[in-house]
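Residue-level listing of the chains:
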Number of protein chains: 2
Amino acid sequence: MARQAKYEELRQELLAEMAGSAPHTPLPTEREISARHGVSRNTVRQALDALETSGSVYRVQGAGTFVAPPVVSKSLALTSFSEDMRERDLVPASRLLAAETVRAGRQIAERLGIAPDAEVVRVSRLRLADGSPMCLENVHLPADRVPGLAREDLSGSLYALLTERYGLQIRSAEQVVRAVDLDETESALLGVPVGVSGLRVQRVGLDRRDTPVEATTTLYRADRYDIRFTVRRSRP
Amino acid sequence: MARQAKYEELRQELLAEMAGSAPHTPLPTEREISARHGVSRNTVRQALDALETSGSVYRVQGAGTFVAPPVVSKSLALTSFSEDMRERDLVPASRLLAAETVRAGRQIAERLGIAPDAEVVRVSRLRLADGSPMCLENVHLPADRVPGLAREDLSGSLYALLTERYGLQIRSAEQVVRAVDLDETESALLGVPVGVSGLRVQRVGLDRRDTPVEATTTLYRADRYDIRFTVRRSRP
DNA sequence: CCCCCGGATTGGACGGTACCAATCTGGCAG
DNA sequence: CTGCCAGATTGGTACCGTCCAATCCGGGGG
């Protein structure tokens, strides 16, 4: 029995109600939703806050709350490769290239906030979408937080494994995106001609205490992949 | 006199207070901040909400609120080229390549949500950082919303011009990032060898009603530029 | 010495109310 | 018919209070 918050329940109800509505259709006023659903206006506003940040509605003071036009960018949220691919209607798969325990080294150590001579588990995988290569993934995790990881089944979602086996939850991540030229090895693995460009995403996954849990470098084929997200003005 | 909200004032005060603090230092409890600053706990929570989404603090139920470790990614927010460069400690500049009124065409029309034969203003600029080329920028705006734009001074911030001259405010934007191979013209303008890769960012700027205001395609030099941002898990 | 458990503490959720600021609308004046 | 202004409407800010759930800490038992 997953007892969930009222505003979360309300959020889903509102989302369902406006599923068929045309963009810019006004929602009921906050006071009306409040009365109709038998919750306080505070709770209504919490639900609407969530819908606003997810890009489902927009609000104009004095005017009302409206259904937002559909967006191209679905992946503003943190997703695993598997989730990401399924959202693009592709079937994810994985081929394990390496899984070993090594010294962190300067760069990885800095990204994970640990000592350079500390041990890390390195998992290298070629990830496939609909059977053909999509990206090269290189994950580093502090060894003391994931004992025995290298001997686990690494064919599926690593995030799921971290949660279920080790109780590690990644709540946010910092990403650095850059365009790079692929070298010979990379091109061969990804199945593209030498010299074409690739999209490199360096990510540091953080738990709810903003402590680094994993550092991942992913190299995407530029011809098959793009990154979509929404940005907002912070303070006007 | 810009009368600002209390929670906004409180946010800035808290940000200043914790400026020198080490990461993971606990802030006072919400009830304590409330009492000390003479505001309600609700208001405190609003201020902390803002600090949390900006990545300045993190909260753990039952434990407290803590100073978040510094992040690599500063540019989670929507910024103009000028702001972006200044944040990277570079001096922005601009060279106007073209400013004309043309038919939208299918692709631009779709991005702006207008008719394909509608008129748009196209502004093409080479943008410089510390005197050398950083990116090629190609902006399209619906002509009827920015009459006479082509004859304005386009050497500075376009966003500022849109706000001051036309009252258009871009509140959010959807971005699609992809790695591409530069062609000869592009390479020449950017001052890089032919065949190296570039980072292409396609952006649609939206006003507070989520209506498209501008569609921009920016081509960055891969060797000088990266994109940094933070993503969060939406619902656990 | 370590482990477990219960109470105190802290953030999270929810209720209610009041007033403000931006917007919209309808009616009146021109 | 057009333009403007006053009042109603709507979201935004702020206050109060109550209870819940996760965490932390210290004391007691092994």
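Residues numbered from 1 in each chain as written. Chains lettered and ligands numbered in written order. Predicted model: local features only at pLDDT ≥ 70, side-chain atom pairs only at ≥ 80, totals over all residues. Heavy atoms only, no water.

Overview of the protein's contact with DNA strand D
Then comes step 1: Contacts to DNA strand D come from 27 residues, most closely from A:Arg45, A:Arg208, B:Lys6, B:Asn42 and B:Thr43.
Then comes step 2: When the atoms of DNA strand D within 4 Å of the protein are grouped by moiety, sugar and phosphate amount to 69% of the total.
Then comes step 3: Between DNA strand D and B:Asn42, the relevant distance is 2.6 Å, taken from a base nitrogen to a side-chain nitrogen or oxygen of the residue.
Then comes step 4: Within the contact set of DNA strand D, a phosphate oxygen lies 2.4 Å away from a side-chain nitrogen or oxygen of B:Thr43.
Then comes step 5: Those elements that provide at least two residues to the surface near DNA strand D are helix 2 (30-37), helix 3 (41-53), strand 1 (57-60) and strand 2 (64-67) of chain A together with helix 1 (6-17) and helix 3 (41-53) of chain B.
Then comes step 6: Top element by residues in the surface near DNA strand D is helix 3 of chain B. It accounts for three residues.
Then comes step 7: Here the surface near DNA strand D is built from residues that sort into six nonpolar, twelve polar and nine charged. (Near = heavy atom within 4 Å. Polar contact = N/O pair within 3.5 Å; in protein donor to acceptor, adjacent residues only side chain to side chain. Helix = DSSP H or I, 4+ residues; strand = E, 2+ residues; numbered from the N terminus. Nonpolar A, V, L, I, M, F, W, Y, C, P; charged D, E, K, R; others polar.)

What about the domain arrangement of chain A?
Then comes step 1: The assigned domain composition of chain A is domain 1 (4-65) and domain 2 (70-225).
Then comes step 2: For domain 1 of chain A and domain 2 of chain A, the distance between their C-alpha centroids amounts to 36 Å. (Domains from an automatic or database assignment.)

Description of the protein's contact with DNA strand C
Then comes step 1: In the vicinity of DNA strand C there are 30 residues, among which A:Lys6, A:Thr43, B:Arg41, B:Arg45 and B:Arg208 approach most closely.
Then comes step 2: Expressed as a percentage, the sugar and phosphate content of the atoms of DNA strand C within 4 Å of the protein is 64%.
Then comes step 3: Separating a phosphate oxygen of DNA strand C from a backbone N or O atom of A:Ser40 is a distance of 2.9 Å.
Then comes step 4: Within the contact set of DNA strand C, a phosphate oxygen lies 2.4 Å away from a side-chain nitrogen or oxygen of A:Thr43.
Then comes step 5: When contributions to the surface near DNA strand C are tallied by element, the ones reaching two or more residues are helix 1 (6-17) and helix 3 of chain A together with helix 2 (30-37), helix 3, strand 1 (57-60) and strand 2 (64-67) of chain B.
Then comes step 6: No other element matches helix 3 of chain A, which puts four residues into the surface near DNA strand C.
Then comes step 7: The residue inventory of the surface near DNA strand C, partitioned by class, reads six nonpolar, 13 polar and eleven charged.

Some words on the sheet that holds strand 9 (residues 227-232) of chain A
Strand pairs in the sheet, formed through backbone hydrogen bonds, run parallel or antiparallel to each other.
Then comes step 1: Taken in spatial order, the seven strands of this open sheet run 9(A)-6(B)-7(B)-8(B)-5(B)-4(B)-3(B), and their pairing is antiparallel. Each having just a single partner strand, strand 9 of chain A together with strand 3 (92-103) of chain B make up the two edges of the open sheet. Taken over all neighbouring pairs, the strand axes of this sheet differ in orientation by 20° on average, direction set aside. (Pairing = 2+ DSSP bridges. Axes fitted to C-alpha atoms, helices over the stretch in contact; angles between N-to-C directions.)

As for the pattern of salt bridges
Residues and elements named next belong to chain A.
Then comes step 1: Counted under the stated rule, the structure contains 38 salt bridges over all chains.
Then comes step 2: Asp 226 is the partner of Arg 88 in a salt bridge, and the nearest nitrogen-oxygen pair spans 3.3 Å. A residue pair is termed long-range when its members are at least 10 positions apart, and Arg 88 in the loop between helix 4 (81-87) and strand 3 (92-103) and Asp 226 in the loop between strand 8 (212-221) and strand 9 qualify at 138 residues.
Then comes step 3: Given a relative accessible area of 25%, Arg 88 falls into the partly exposed group. (Salt bridge = Lys/Arg side-chain N within 4 Å of Asp/Glu carboxyl O. Buried < 20%, exposed > 50% of the residue type's maximum accessible area, 1.4 Å probe, protein only.)

Overview of the sheet that holds strand 6 (residues 172-181) of chain A
Then comes step 1: With respect to topology, seven strands assemble into an open sheet ordered 3(A)-4(A)-5(A)-8(A)-7(A)-6(A)-9(B), the strand pairing being antiparallel. A single partner strand is all that each edge strand has here, and the edge strands are strand 3 of chain A together with strand 9 (227-232) of chain B. In this sheet, adjacent strand axes meet at a mean angle of 20° when their direction is disregarded.
Then comes step 2: Pairing geometry for strand 3 of chain A and strand 4 (residues 119-129) of chain A, over eleven bridges, is antiparallel. Bridge assignment links A:Thr101 to a residue of strand 4 of chain A, and that residue is A:Val121.

Here we look at the interface of chain A and chain B
Then comes step 1: In this assembly, 53 residues from chain A lie in contact with 53 residues from chain B.
Then comes step 2: For the pair chain A and chain B, the summed buried area comes to about 4,500 Å², and 50% of that belongs to carbon and sulfur atoms.
Then comes step 3: One can count four salt bridges joining chain A with chain B.
Then comes step 4: Note that A:Arg178 is salt-bridged to B:Asp226, the shortest N-O span being 3.5 Å.
Then comes step 5: Applying the counting rule to chain A against chain B returns 14 residue pairs in polar contact (both at pLDDT 80 or more).
Then comes step 6: If one sorts the elements of the side of chain A that touches chain B by residue count, strand 6 of chain A sits on top with ten residues.
Then comes step 7: Classifying every residue of the side of chain A that touches chain B by side-chain character gives 26 nonpolar, ten polar and 17 charged.
Then comes step 8: In the sheet, strand 9 of chain A pairs with strand 6 (residues 172-181) of chain B via six bridges, with the strands oriented antiparallel. Each bridged residue has a counterpart across the sheet, and for A:Thr230 the counterpart in strand 6 of chain B is B:Glu174. (Contact = heavy atoms within 4.5 Å. Buried area = accessible area lost by both parts, 1.4 Å probe.)

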